Amino acid sequence: AILEKIEPLRKERDAIKAQLPNEGKVIEFIQAEAYTYIHVQNEQGEQVWIAGQKIDDLKVGDRVGFSKGVNMSNWYSKELKRSFAMVIFVGQVRKQ
């Protein structure tokens, strides 16, 4: 009976991982009007900035999963008055 309950949860988890194949730890973030810019570090120690839909309750140290996205090199945000060497604009980002 327990296995019958666990299997749908595994399928749901696998479906989420397929949509959000990347993950990492939040090392800093910046809230903009429409986006949250998140500096993420993955398990291999690589760091990247991503930008996705606004996440109001994000904290440094949280883990996030995120979809593939569009790489923007030398991105300048007029709103933040700041340049990023590279930002990946992702379709989905979610706290884990």
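Residues numbered from 1 in each chain as written. Predicted model: local features only at pLDDT ≥ 70, side-chain atom pairs only at ≥ 80, totals over all residues. Heavy atoms only, no water.

Thoughts on the packing of aromatic side chains
Defined as follows: Stacked, edge-to-face and tilted are the three classes for Phe, Tyr and Trp ring pairs, Trp counted by its six-membered ring, which pair at centre distances within 6.5 Å; planes under 30 degrees apart are stacked, over 60 edge-to-face, the rest tilted. Helix numbering and strand numbering both begin at the N terminus, where a helix is a DSSP run of H or I of at least 4 residues and a strand a DSSP run of E of at least 2. Here's how the labels work: a residue is buried when its accessible area is under 20% of the maximum for its type, exposed when over 50%, partly exposed in between, all with a 1.4 Å probe on protein chains only.
Tallied over the entire structure, the rule returns six aromatic pairs. A centroid spacing of 5.5 Å and a plane angle of 75° characterise the contact between Tyr35 and Phe89, whose relative ring orientation is edge-to-face. Placement of the pair is Tyr35 in strand S2 (residues 35-41) and Phe89 in strand S6 (residues 82-90), with a sequence separation of 54 residues. For Phe89, a relative accessible area of 15% gives the class buried. Here the aromatic rings of Tyr37 and Phe89 are separated by 6.3 Å at their centres, their planes lie at 80°, and the arrangement is edge-to-face. Taken together, the residues span a long stretch of sequence, with Tyr37 in strand S2 and Phe89 in strand S6 at a distance of 52 residues. Of the two residues, Tyr37 and Phe89, neither departs from the other in class, the shared state being buried. Here a set of aromatic residues connected by ring pairs shows up, and it is made of Tyr35, Tyr37, Trp49, Trp75, Phe84 and Phe89.

Observations concerning the nonpolar core
Quick reminder of the rule: Think of a nonpolar core as a cluster: buried Ala, Val, Leu, Ile, Met, Phe, Trp, Tyr and Cys residues, connected wherever their side-chain atoms sit within 4.5 Å. By the convention used here, residues are in contact when the closest approach between their heavy atoms is within 4.5 Å.
Core analysis: the biggest nonpolar cluster contains 12 residues, these being Val26, Ile38, Val40, Val48, Ile50, Ile55, Leu58, Val64, Phe66, Ile88, Val90 and Val93. For this core, the elements supplying multiple residues, two or more each, are S2, strand S3 (47-53), strand S4 (63-66) and S6. Apart from the residues within four sequence positions on either side, Val64 is in contact with Asn22, Glu23, Gly24, Val26, Val40, Leu58, Val93, Arg94, Lys95 and Gln96. Ile30, Ala32, Phe84 and Val87 belong to the second largest nonpolar core, which has eight residues in total.

Concerning the pairing of S2
Threshold: Note on pairing: DSSP must find at least two bridges between two strands before they are called paired.
Across the seven residues that make up S2, a large majority, five, are buried. The pairing of strand S1 (residues 22-31) with S2 spans six bridges and is classified as antiparallel. From the neighbouring strand, Lys25 faces S2, where its bridge partner is Gln41. What sits between S1 and S2 in their antiparallel hairpin is a turn of three residues. Across seven bridges, the pairing between S2 and S3 is antiparallel. Across the sheet, the residue bridging to Tyr35 is Gln53, located in S3. From the end of S2 to the start of S3, which pair antiparallel, there are five residues, and Gly45 there has a positive phi angle of about 90°.

Observations concerning the pattern of salt bridges
Two side chains carrying opposite charge are able to pair once their charged atoms lie near each other. Short version of the rule: In the sections that follow, a salt bridge refers to a side-chain nitrogen of Lys or Arg positioned within 4 Å of a carboxyl oxygen of Asp or Glu.
Throughout the structure, instances matching the rule amount to five salt bridges. Put simply, Glu23 and Arg63 hold a salt bridge, and the shortest N to O gap is 3.4 Å. In this pair, Glu23 sits in strand S1 while Arg63 sits in strand S4, placing the two residues 40 residues apart along the sequence. Overall, Glu23 belongs to the partly exposed group, its relative accessible area being 33%.

These figures capture arrangement, not role.
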